[in-house]
2 protein chains.
Amino acid sequence: MPSLGIVAPQSMHFKAPLKLSSGASLSDYTLVYETYGTLNADRSNAVLVCHALNASHHVAGMYEGEGGKKNIGWWDNMVGPGKPLDTDRFFVIGINNLGSCFGSTGPMHTNPATGKPYGADFPVVTVEDWVRAQARLADELGIKQFAAVMGGSLGGMQALSWSLLFPERVRHAIVIASTPKLSAQNIAFNDVARQAILTDPDFHGGDYYAHGVVPKRGLRVARMIGHITYLSDDSMAEKFGRGLRNGGYQFGFGVDFEIESYLRYQGDKFSEYFDANTYLLITKALDYFDPAREHDDDLTKALAATQAQFLLVSFTTDWRFSPERSREIVQALVNNKRKVTYAEIAAPHGHDAFLLEDARYMNVVRAYYDRIGKEIDNRRRA
Amino acid sequence: MPSLGIVAPQSMHFKAPLKLSSGASLSDYTLVYETYGTLNADRSNAVLVCHALNASHHVAGMYEGEGGKKNIGWWDNMVGPGKPLDTDRFFVIGINNLGSCFGSTGPMHTNPATGKPYGADFPVVTVEDWVRAQARLADELGIKQFAAVMGGSLGGMQALSWSLLFPERVRHAIVIASTPKLSAQNIAFNDVARQAILTDPDFHGGDYYAHGVVPKRGLRVARMIGHITYLSDDSMAEKFGRGLRNGGYQFGFGVDFEIESYLRYQGDKFSEYFDANTYLLITKALDYFDPAREHDDDLTKALAATQAQFLLVSFTTDWRFSPERSREIVQALVNNKRKVTYAEIAAPHGHDAFLLEDARYMNVVRAYYDRIGKEIDNRRRA
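In this text, all values refer to a predicted model and were calculated from it rather than measured experimentally. (Residues numbered from 1 in each chain as written. Chains lettered and ligands numbered in written order. Predicted model: local features only at pLDDT ≥ 70, side-chain atom pairs only at ≥ 80, totals over all residues. Heavy atoms only, no water.)

A. Region of the structure containing the overall build of chain A. Summing up its helical and strand segments, chain A has 10 helices and 14 strands in all. For chain A, the C-alpha radius of gyration of 21 Å lies close to 21 Å, the compact-globule estimate for 382 residues. Dimensions of chain A, computed from the C-alpha atoms along their principal axes, are close to 75 × 50 × 50 Å. Counting the 382 residues in chain A, one finds 60% classified as buried. Long-range pairs, those at least 24 residues apart, make up 71% of the contacts in chain A with a sequence separation of at least 6. Here chain A has roughly 14000 Å² of accessible surface; of this, 49% comes from carbon and sulfur atoms. Side-chain charges of chain A comprise 40 positive and 43 negative groups, with the mean position of each set lying 4 Å from the other. (Helix = DSSP H or I, 4+ residues; strand = E, 2+ residues; numbered from the N terminus. Rg over C-alpha atoms; globule rule 2.2 N^0.38 Å. Buried < 20%, exposed > 50% of the residue type's maximum accessible area, 1.4 Å probe, protein only. Contact = heavy atoms within 4.5 Å. Areas by Shrake-Rupley, 256 points an atom, 1.4 Å probe, with all protein chains shown as cover. Lys, Arg positive; Asp, Glu negative; His and termini not counted. Charge placed at Lys NZ, Arg CZ, Asp CG, Glu CD.)

Structure follows, in structure tokens:
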């Protein structure tokens, strides 16, 4: 399948303050984004792709002069010419969220109120705050209604949130490997990861930029914890099992098992490029997402506000956000007589499956976008 | 049910070197232990209780002058007069393992070779090493054969190991909430916990005793990670759910959710009393346990050496060592035509269930000890 080829990020500055869920405001902010494909004449073929914990606006294609696999967009198998989300047919927007460390305004940027990096002063942002910021970018791009808003995991929460905050602006919401809210266990994993960062002596209360250090140790442990929850027990067993790195037990605390080597490598790599304050902010946005909270914990009541049609996809071995969690959303939508398509994909890869090539999964998404494309064609002929 | 009342630890010093699985030796060592009940005339009613990660020789009863719940033995609901393991009938031994921080020779004790605390020089010990050390204590107490060796989790591994290393010395092995070996996911959780400790700047390569500090931050995170794996998703949901500590979201990185408060408290408490080197050693013993390893990964071949009868118990919501893992042991024993009783207890509490009061569980263990008691009576009459 051909890739999009060379793509380039753009940025947009917003001067009007953004009022946040916490009551705080961002006086002004920048969003970094990418677009692929062409917006049609009646602006009806726009699709917004929302990113999860450690991703960005760089959804597909690659950057000029930076060849190699590492510069390919994070959902390149899903988005591109002829791919399930076909950029020959749709105008796709990837957008980096506030608080991120990949370009949009975040804790490492200058706080206009102090002239120093925000650090610990960057406000805690929610999924709803992100969606409101994204909506302003859509306004500027002249997109009144998205053909679809789509995301996996935390990205799926944003798609769901769009359908609640701007019901008339979303024709289809595509919510993959997601959940209507985190469980106590989900929150527990996030909090241990945060505690690893917060108690790293190099964290300096979030103002480590000024000290010329980075809380790498904490970030590394945080990533290792997170990574365990992205993989299934089965896929770990199959991929690593009890395989030994050096033939026999070493009787020390270096690497014995392949899984140790893999996880430490993932942790090391992540701690080189990711920002610790961003990790704290994004896990908090995950924890806080709970649209039923202001509706007596009744998800059916909460989703009454939606007008979109929905595609939900879950993966059988995902124990972070299990199929049961997707089914809760499906049931609440059905209770509201919304049009819902639901696919539960038998896949061995756990939560990570939403990022991987799986023929059944890709075909489900492709068929759904075909349908959206036909709707657009029919509208235009009408 | 009455408790044993006041009990007291004893200790025994061993002057003969103990050759370890690693090839290293401990030149001499001390084991701390407790006994409850009375050894009968033919020494046929002795039961050895092996401890898991954070427990000790203090299995039941309480210490003089130290009233209060915290000084009650860790399996007091299981062991005592009239309890499932009835100390009116059995002579019960609780023993603290090498490398522990509760009295038996461990990393905080003086290394006779250097005159300084062992620290990083304390050798990595295995389940098999522990069992061999325990066997010497049994020798000194004049116990040639145990009526039963019993343990939960890592304690269950010791019971299984006893039945392999000293088949003729174990009439019954009682293996609860255990596994024939850790999975890649189990090892992954252990390794993240170890990394948290090893990368704490206060760890000083394991020689923190000399620096007058303790790697509390790492130990705290390690315990939080471990604790998540001891509880089931369901029991966390039921006990904590998304309950908030302060009514609403705080929009900061303090405590929002009850589960955060609970886990941080558990981590704080643990880091006050547990030794970081001990944590490293005990998780490594868990990782290394794999009796099938030297038998072409064939558990049936490995367990051919056993002569004991077995009771295995697992708990439905235990995702650390799931029922499937116990069933692997059961199957391998059945393949060897051993006598096996297996109970899979429907309990909501995850791995921790093995420490909790559950009527069905307690009754299964009680019935099994009744049977052992009757065998002893019959032998004596014979």
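B. Structural view of helix H3 (residues 184–198) of chain B. Spanning 15 residues, H3(B) covers 20 Å between terminal C-alpha atoms, matching the ideal 21 Å at 1.5 Å per step. Among the 15 residues in H3(B), 14 count as buried, and that is most of the element. (Expected span 1.5 Å × (residues − 1).)

C. The environment of Trp74(A), seen in detail. Residue and element names in this part refer to chain A. Note that Trp74 resides in the loop between strand S7 (62–63) and strand S8 (79–80). A relative accessible area of 18% places Trp74 in the buried class. Placed 105 residues apart in sequence, Trp74 and Thr179 show a C-alpha to C-alpha distance of 21 Å. Residues within four places of Trp74 in sequence aside, it is in contact with Val49, Cys50, His51, Ala55, Ser56, His58, Val59 and Leu355. Engagement of the side chain of Trp74 in a polar contact is seen with the backbone oxygen of Ser56, the distance being 2.7 Å. (Polar contact = N/O pair within 3.5 Å; in protein donor to acceptor, adjacent residues only side chain to side chain.)

D. Main features of the pattern of salt bridges. Inspection of the entire model under this criterion finds 44 salt bridges over all chains. Its salt-bridge partner being Arg194(B), residue Glu260(A) comes within 2.8 Å of it at the nearest N-O pair. Here the residue Glu260(A) occupies a position in helix H6 (residues 258–273), and Arg194(B) occupies one in helix H3, the pair thus bridging two chains. Under the relative-accessibility criterion, Glu260(A) is labelled buried at 1%. Judged by its relative accessible area of 1%, Arg194(B) is buried. Lys284(A) is the partner of Asp256(B) in a salt bridge, and the nearest nitrogen-oxygen pair spans 2.7 Å. Here Lys284(A) lies in helix H7 (residues 276–288) and Asp256(B) lies in the loop between helix H5 (233–239) and helix H6 (258–273), a pairing that spans two chains. With respect to burial, Asp256(B) and Lys284(A) carry one shared label: buried. (Salt bridge = Lys/Arg side-chain N within 4 Å of Asp/Glu carboxyl O.)

E. Broad picture of the packing of aromatic side chains. Under the defined criterion, the tally for this structure stands at 48 aromatic pairs over all chains. On the basis of an interplanar angle of 75 degrees and a centroid distance of 5.9 Å, the ring pair of Phe189(A) and Trp319(A) is categorised as edge-to-face. One end of the pair, Phe189(A), is in helix H3 (residues 184–198); the other, Trp319(A), is in the loop between strand S13 (309–315) and helix H9 (323–335), and 130 residues separate them in sequence. Residue classification places Trp319(A) among the partly exposed residues on the basis of a relative accessible area of 22%. Directly above the ring of Phe270(B) sits Arg223(B), whose terminal nitrogen or CZ lies 4.4 Å from the centroid. (Phe/Tyr/Trp six-rings, centres within 6.5 Å; stacked < 30°, edge-to-face > 60°. Lys NZ or Arg CZ within 6 Å of the ring centre and 35° of its normal.)

F. Here's a closer look at the environment of Leu141(B). Residues and elements named next belong to chain B. With respect to the helices and strands, Leu141 occurs in the loop between helix H1 (127–140) and strand S11 (148–152). When the C-alpha atoms of Leu141 and Leu39 are compared, they prove to be 9.7 Å apart, with 102 residues separating the residues in sequence. Ignoring sequence-local partners within four residues, the contact set of Leu141 consists of Met12, Tyr33, Leu39, Arg43 and Ile93.

G. Spotlight on the nonpolar core. Counting residues in each nonpolar core, the largest one holds 258 residues, and the members touching the most others are Tyr361(A) and Tyr361(B). Setting aside anything within four residues of it in sequence, one finds Tyr361(B) in contact with Trp75(B), Met78(B), Ile176(B), Val313(B), Phe315(B), Ile345(B), Ala353(B), Phe354(B) and Leu356(B). (Core = buried A, V, L, I, M, F, W, Y, C linked by side-chain atoms within 4.5 Å.)

H. Spatial organisation of the interface of chain B and chain A. Opposite the 56 residues of chain B that make contact, chain A presents 56 residues. Interface of chain B and chain A: buried area, both sides summed, is about 4800 Å²; carbon and sulfur atoms make up 67% of it. Among the residues of chain B in contact with chain A, Arg242(B), Phe251(B) and Phe253(B) are the three that bury the most area, contributing 17% of the side total. Put simply, chain B and chain A have 10 salt bridges between them. Across the pair Glu260(A) and Lys284(B) runs a salt bridge, and its minimum N-O distance is 3.5 Å. Our count for the contact surface shared by chain B and chain A stands at 21 residue pairs in polar contact (both at pLDDT 80 or more). Secondary-structure elements contributing two or more residues to the side of chain B that touches chain A are H3, helix H4 (216–230), H5, H6 and helix H7 (276–288) of chain B. Broken down by element, the residue count for the side of chain B that touches chain A peaks at 11 residues, all from H3(B). Here the residues of the side of chain B that touches chain A are counted per class, giving 29 nonpolar, 13 polar and 14 charged. (Buried area = accessible area lost by both parts, 1.4 Å probe. Nonpolar A, V, L, I, M, F, W, Y, C, P; charged D, E, K, R; others polar.)

I. Up close: the domain arrangement of chain A. All names here are of chain A. Assigned domains of chain A: these are domain 1 (10–181 + 292–381) and domain 2 (186–284). With 28 residues of domain 1 in contact, the opposing surface of domain 2 contributes 25 residues. Regarding the contact of domain 1 and domain 2, the summed buried area is about 2200 Å², with carbon and sulfur atoms giving 63% of it. Where domain 1 touches domain 2, the interface holds 8 residue pairs in polar contact (both at pLDDT 80 or more). Its residues assigned to classes, the side of domain 1 that touches domain 2 shows 17 nonpolar, 8 polar and 3 charged. (Domains from an automatic or database assignment.)

J. Layout of unusual backbone geometry. Phi is positive for Phe251(A), which is not a glycine, with a value near 50 degrees. Tracing the sequence through the fold places Phe251(A) in the loop between helix H5 (233–239) and H6. On the basis of relative accessibility, which here comes to 25%, the residue Phe251(A) falls in the partly exposed class. Residue Ala177(B) is not a glycine yet carries a positive backbone phi of 50 degrees. Inspection of the secondary structure puts Ala177(B) in the loop between strand S12 (172–176) and H3. A residue is classified by how much of its surface remains accessible, and Ala177(B), at 0% relative accessible area, is buried.

K. Geometry of the environment of Tyr118(B). Residue and element names in this part refer to chain B. In this structure, Tyr118 sits in the loop between strand S10 (91–95) and H1. Sequence spacing of Tyr118 and Gly106 is 12 residues, and the spatial spacing of their C-alpha atoms is 7.5 Å. With residues near it in sequence (within four places) discarded, Tyr118 still touches Leu26, Thr105, Gly106, Pro107, His109, Thr110, Asn111, Pro112 and Asp207.

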